[in-house]
Amino acid sequence: MSPVITMGPFHPALEEPYKIDVVCEGEHVTDASIRVGFNFRAIEWLAERKNYTADIALFEHVCGICSNVHTLCLSRAIETLAGIEVPERAQYIRVVVAEAERLHSHLLWAGIACELIGFETLFMACFGLREKIMDVLEAISGNRVNYAMNRPGGVNRDIADPGAVLAAVRAIADATSKQLIPVLTTDATVRARCAGVGVLTRADAIAYGAVGPTARASGLPQDIRASAPYEAYDRLLFEVPVRQEGDVFARVVVRALEILESCRIIEQAIEQMPAGPFRGDDYPKVPAGEVCSRIEGPRGEVFYYVASDGSDTPTRVRVRTPTFANMPTARPMVLGQTFADVPLIQASLDPCYSCTDR
Amino acid sequence: MTVVRGLISLLVFPGALFALPAGWFMMWLQRKINARAQGRIGPPFFQPFFDFVKLLAKEPVVRPRLQGFLMTVLPLAAVASTLGAIALLPVFPKAGGFSGDLVLLVSLIEVGPLCAVLGGFVSRSLYGGIGASREAVLTLAYNVPFLIALFALVASAGSFSLAGVALAAAWPVRVLALIALVACIPVKLHLNPFSAASAEQEIYAGSTTEYDGPRLALWELAHALEWVALTGLVASLAFPVADAAWPVRVVVFVAVSVALVVVLSFAAASTARLKLAQTARWFLLCGSGIALSALVVAFVRL
Amino acid sequence: MNILNIITGNVARGPQTVRFPGREAPAAAYRGSVTMDAAKCLACGICDYVCVSRAIAVTPGAASCEWTYDPGRCTYCGRCVDHCPVAAVTQAGDRGDSYARSGAQRATVTVPYPACPQCGRPAMPYNEAVLGAAFGDVSAELRERIHLCERCRRRATTAALKANFGAAAETGRSDDGR
């Protein structure tokens, strides 16, 4: 009889409560399933009962890592519905905060991946770098996690000290290219754990509808920032790293390169940022109608649908998080692998089940 | 006289009175070095001792009588056998008696992992079972180079006594064999890169997952004693100082043991954890290769 | 052997962590717990309106307004500070104390209504700038009346209406507004 090994809902390998049932023959995985829903907070239901300003603060709490992505996507949906133009300075500030958030999310993920293969020294190195960008975000917004930067029509706060942001970003780019990437790509034990493990083929990535770094590591050059630029991304130069291998190692490399690209984007945005107003109206009038909005979060495409009846409260807000799209790809990845690989493979999606549960 | 000496080596040095604080010190040193390598402050000096006392003070979970009995006896057996192995270490060569009998020493050292395997299965936890089976596979894997290396030393020295080996083994054989022996230590101590048996991100604490309170404290004790026994085994083989006075021997023994802890800690801090199959393959190919070359050198020189 | 560079760097630099209970000071822009200046407050209730977690509750009464704040419910998003029309709401620059029971830190500020310049009864506070933001151009007459209590304002409106009737108002009757 094949034993079912249950990981979770509370397990050292999982950042949040969810559950992975792994069917094993010895150490080999023959089947796996993921159960989510432990973090359901009825956020979409609550959104239909609160006004737009409160809703933006509400959707900040969908995710504990990429809070800015959600407020940005919702703000953009409201702006499209109400026909509000965002001041140019606000567009650049939004890009800076979004990319800083991507930096901290990717560094957090790299740290956790190292922790899952038992490499605590590298985990501390990643989190030490992440602390730098967290300090920058706290200096800009006043909080380490929930930045409360976006409002319909602009941002709540200006970047008071662009020099400090530039210095921190340059330090991170330097440490990433000189310390982190060499270790992650050449260390024998890291390669032994990551290379060839948890392969998601290009065909599978298309069939399962993978998004974000997971898709890009399987050879799909897919990035909303490049294909449908929003805010100031059409005025900034950056590359979309793509790898063909589709294994955990490719996902490590794609995210490591994205850290460097984000640093490049922030440097350009700070240098190009024009002076001018950055806030919009306090209370925009939202007419009746419905709208879709999508942006590229650290984990992939974030999709919002907002329907309005013309009052100050939306009639429906629907969120589709990147993890919802990436979650099913975990199964083809773990089949045939060993049990020891399961924590790393499921983490290589950079899953955020709290977002998915909402 | 032999009985008194035996009791002293079991209870005083290198036995309980020395080995307990030394084990806690080595555990602290490993954690401290690991912390410093990662840029952390690390635990206070008495932390392993505090942990032990805290676990002892906890009320044990009520278990079925047989299971509770086994879960107490197995860690006790591990503690007792490891303590016995330490007592056999030939810090004072030519001590006589069983002191330094290699066969007895190796079998006593092996009792600890065996108890851990049994203890994992007895605890009836799924993760304990996986940890126990991993422990069993690894024990088989590392014992190949471990035993071959010891056998090479024995062949080179022509003696089954540790003291004899320490004094007589040829240096080329000894260096190769010691490399193979040192490589086996991380498996027993659950250190990176060979810590698959207690991979917390996969199977919590492995075979000791279900243990609690005083029973876990016993495992911790056995673990601390294993540090002393294994580093001591290598130390007594690496630098025999037969002609010196006994304080010099003690100092050399302790210094080499601590140096070994430092080396192992840095090695653990700079590696990721290998998977079970990778670890087993490493020991069966690389580890055994080194040990076999020691054996070949030993026979060629004969 | 790149990892050795990281390790030797870490050993050479010394620990980067802080020993408990020490902690780094928060950033200058830190969004801490919310305080309110009753002297500036207009009791407009915008902070209540934008508060996502109902940490702020504004309850208007007859002679004063109760402004209640519970840090235990607050998400420290700062929307109340951003939206306050008269900058009466501010956020502390440091982290608040921890608490054991829900609602243990709830604080209430009473905003007394100023006296009506005509009758002396409590009148809802108003602010010209806010009135302008809400209703656009404010006429001189309206500007005069915003400081009156509800009763006196109604009376003034009635008086103005009656004045439109010209001589009809000159009846010599004492006018108490009814």
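What counts, and at which threshold
Residues numbered from 1 in each chain as written. Chains lettered and ligands numbered in written order. Predicted model: local features only at pLDDT ≥ 70, side-chain atom pairs only at ≥ 80, totals over all residues. Heavy atoms only, no water. Helix = DSSP H or I, 4+ residues; strand = E, 2+ residues; numbered from the N terminus. Rg over C-alpha atoms; globule rule 2.2 N^0.38 Å. Buried < 20%, exposed > 50% of the residue type's maximum accessible area, 1.4 Å probe, protein only. Areas by Shrake-Rupley, 256 points an atom, 1.4 Å probe, with all protein chains shown as cover. Contact = heavy atoms within 4.5 Å. Salt bridge = Lys/Arg side-chain N within 4 Å of Asp/Glu carboxyl O. Polar contact = N/O pair within 3.5 Å; in protein donor to acceptor, adjacent residues only side chain to side chain. Pairing = 2+ DSSP bridges. Axes fitted to C-alpha atoms, helices over the stretch in contact; angles between N-to-C directions. 1 Å grid on protein atoms, 1.4 Å probe; cavity = no way out; pocket = protein on both sides within 12 Å on 5 of 7 lines; lining within 4 Å. Points joined across faces, edges and corners; volume = space filled by probe spheres on them. Nonpolar A, V, L, I, M, F, W, Y, C, P; charged D, E, K, R; others polar. Buried area = accessible area lost by both parts, 1.4 Å probe. Patch = residues over 30% accessible without salt bridge, like charges linked within 9 Å, V, L, I, M, F, W, Y side chains within 5 Å. Disulfide = S-S within 2.5 Å. Parallel < 35°, antiparallel > 145°, perpendicular 65-115°, else oblique. Lys, Arg positive; Asp, Glu negative; His and termini not counted. Charge placed at Lys NZ, Arg CZ, Asp CG, Glu CD. Core = buried A, V, L, I, M, F, W, Y, C linked by side-chain atoms within 4.5 Å.

Undergrad: Can you walk me through the overall build of chain A in this structure?
TA: Each helix and strand counted, chain A has 15 helices and eight strands in total. Here the C-alpha atoms of chain A give a radius of gyration of 20 Å, agreeing with the 21 Å that 2.2 N^0.38 yields for 358 residues. The dimensions of chain A, computed from C-alpha atoms along their principal axes, are 65 × 45 × 35 Å. When burial is assessed residue by residue, chain A has 65% of its 358 residues classed as buried. Put simply, chain A shows about 11800 Å² of open surface, and 56% of that area lies on carbon and sulfur atoms.

Undergrad: What am I meant to see in the side chain of Ser-257 of chain B here?
TA: Residue and element names in this part refer to chain B. Assignment of secondary structure puts Ser-257 in helix H11 (residues 246–269). On the accessibility criterion, Ser-257 (3% relative accessible area) is buried. The contact partners of Ser-257, leaving out residues within four places of it in the chain, are Met-26, Thr-231, Gly-232 and Ala-235.

Undergrad: Honestly, the interface of chain B and chain A in this entry has me stumped. Any pointers?
TA: Reports often express the size of an interface as the amount of accessible area lost when the parts come together. Counting residues at the interface gives 24 residues for chain B and 28 residues for chain A. Taken together, the links from chain B to chain A amount to one salt bridge. Between Lys-275 of chain B and Asp-341 of chain A there is a salt bridge, with its nearest N and O atoms 2.9 Å apart. The tally of links between chain B and chain A comes to 10 residue pairs in polar contact (both at pLDDT 80 or more). Mapped by element, the contributors of at least two residues to the side of chain B that touches chain A are helix H2 (16–37), helix H6 (126–157), helix H9 (200–203) and helix H12 (276–301) of chain B.

Undergrad: Where do I start with the sheet that holds strand S7 (residues 300–308) of chain A in this structure?
TA: By way of backbone hydrogen bonds, the strands of a sheet pair with one another, either parallel or antiparallel. Residue and element names in this part refer to chain A. If you trace the three strands from one edge of the open sheet to the other, you get S6-S7-S8, paired in antiparallel fashion. Either end of the sheet is taken by a strand with one partner, and the two such strands are strand S6 (289–297) and strand S8 (314–320). Sheet twist, expressed as the mean angle between neighbouring strand axes with direction ignored, is 15°. Summarising the sheet, S6 and S7 pair through nine bridges and their orientation is antiparallel. For Arg-294, the partnering residue across the bridge sits in S7 and is Phe-303.

Undergrad: Would you mind going over the sheet that holds strand S5 (residues 107–112) of chain C with me for this structure?
TA: Residues and elements named next belong to chain C. Pairing within the open sheet is antiparallel, and its three strands lie in the order S2-S3-S5. On the outer flanks of this sheet lie strand S2 (56–60) and S5, each paired with one strand and no other. The mean angle between the axes of side-by-side strands here comes to 20°, regardless of whether they run parallel or antiparallel. Sheet analysis places S2 next to strand S3 (residues 64–69), joined by five bridges and oriented antiparallel.

Undergrad: What should I look at first to understand the pattern of salt bridges in this one?
TA: When their charged atoms lie close together, side chains carrying opposite charge are able to pair. Residues and elements named next belong to chain A. For the coordinates displayed, the defined rule picks out 35 salt bridges over all chains. Notably, a salt bridge pairs Asp-158 with Arg-89, separated by 3.1 Å at the nearest N-O pair. With Asp-158 in the loop between strand S5 (154–155) and helix H6 (162–186) and Arg-89 in helix H4 (residues 88–116), this pair connects stretches of sequence that are 69 residues apart. When the shortest N-O distance is used, the salt bridge between Asp-174 and Lys-178 registers 2.8 Å.

Undergrad: Can you help me understand the layout of surface pockets in this one?
TA: Estimated volume of the largest pocket: approximately 1400 Å³. In this structure, the largest pocket is lined by 46 residues; those nearest its centre are Leu-189, His-190, Ser-198, Glu-220 and His-223 of chain B. If you list the elements that add at least two residues to the lining of the largest pocket, you get helix H5 (120–141) of chain A together with H2, helix H3 (47–57), helix H5 (102–122), helix H8 (171–189), helix H10 (213–238) and H11 of chain B. When residues in the lining of the largest pocket are grouped by element, the largest group, seven residues, is from H10 of chain B. Across the lining of the largest pocket, the residue classes break down as 20 nonpolar, 15 polar and 11 charged. Taken as a whole, the second largest pocket holds about 900 Å³ of empty space. Lining the second largest pocket are 32 residues, with Phe-127, Gly-128, Leu-129 and Glu-131 of chain A together with Gln-16 of chain C positioned closest to its centre. Looking at which element gives the most residues to the lining of the second largest pocket, the answer is H5 of chain A, with 11 residues.

Undergrad: Hey, could you run me through the interface of chain B and chain C in this one?
TA: With nine residues of chain B in contact, the opposing surface of chain C contributes 11 residues. Roughly 860 Å² is buried in total at the junction of chain B and chain C, and carbon and sulfur atoms are behind 66% of that figure. In this structure, the connection of chain B to chain C is made through zero salt bridges. Viewed at the interface, chain C and chain B are joined by three residue pairs in polar contact (both at pLDDT 80 or more).

Undergrad: How should a nonpolar patch on the surface be read in this particular structure?
TA: All names here are of chain B. A contiguous nonpolar patch, built from Val-3, Val-4, Leu-7, Ile-8, Leu-11, Val-12 and Leu-17 and spanning about 650 Å² of accessible area, is present on the exposed surface. Among the elements that line the nonpolar patch, the one with the most residues is helix H1 (residues 2–11), at five residues. Topologically, Val-12 is positioned in the loop between H1 and H2.

Undergrad: What is the right way to read the state of the cysteines from this model?
TA: Two cysteines, two sulfur atoms, one covalent bond between them: this is a disulfide. Residues and elements named next belong to chain C. Under the definition given, this model contains zero disulfides over all chains. Here Cys-80 stays unpaired: no disulfide links it, and the sulfur of Cys-77, its closest cysteine neighbor, is 6.3 Å away. Judged by its relative accessible area of 9%, Cys-80 is buried.

Undergrad: Is there a simple way to think about the packing of H6 of chain B against H12 of chain B in this case?
TA: Angle between the axes and distance between the axes are the two parameters that describe a pair of packed helices. Residues and elements named next belong to chain B. Following both chains from N to C, one finds H6 and H12 inclined at 10°, their axes separated by 8 Å at the closest point. With respect to their mutual orientation, H6 and H12 come out roughly parallel. Class assignment of the residues belonging to the contact of H6 with H12 gives a composition of 21 nonpolar, four polar and one charged.

Undergrad: Which parts of the structure should I look at to understand a positive patch on the surface?
TA: A cluster of like positive charges, contributed by Arg-121, Arg-151, Arg-154 and Arg-155 of chain C, occupies part of the molecular surface. With respect to the element layout, Arg-151 of chain C can be found in helix H6 (residues 150–164).

Undergrad: What is the right way to look at the environment of Thr-271 of chain B in this model?
TA: Checked against the element boundaries, Thr-271 of chain B lands in the loop between H11 and H12. As a C-alpha pair, Thr-271 of chain B and Leu-191 of chain B span 80 residues in sequence and 9.7 Å in three-dimensional space. Ignoring any residue separated from it by four or fewer positions in sequence, one finds Thr-271 of chain B in contact with Gly-118, Phe-119 and Thr-189 of chain A together with Asn-192 and Pro-193 of chain B. There is a polar contact of 2.8 Å between the side chain of Thr-271 of chain B and the backbone oxygen of Ala-267 of chain B. A polar contact is formed between the side chain of Thr-271 of chain B and the backbone oxygen of Ala-268 of chain B, at a distance of 3.5 Å.

Undergrad: What is the right way to look at the nonpolar core in this model?
TA: Soluble globular proteins tend to pack their nonpolar side chains together in the buried interior. Core analysis: the largest hydrophobic core is formed by 130 residues, its most contacted members being Phe-59, Leu-122, Val-165, Tyr-304 and Phe-339 of chain A. Element by element, the count of residues in this core is highest for H4 of chain A, at 17 residues. In contact with Phe-59 of chain A, not counting residues within four places along its chain, are Ile-43, Ala-47, His-70, Leu-74, Tyr-304, Val-317 and Val-319 of chain A. In this structure, Val-91, Phe-194, Ala-238 and Leu-276 of chain B belong to the second largest nonpolar core, which totals 93 residues.

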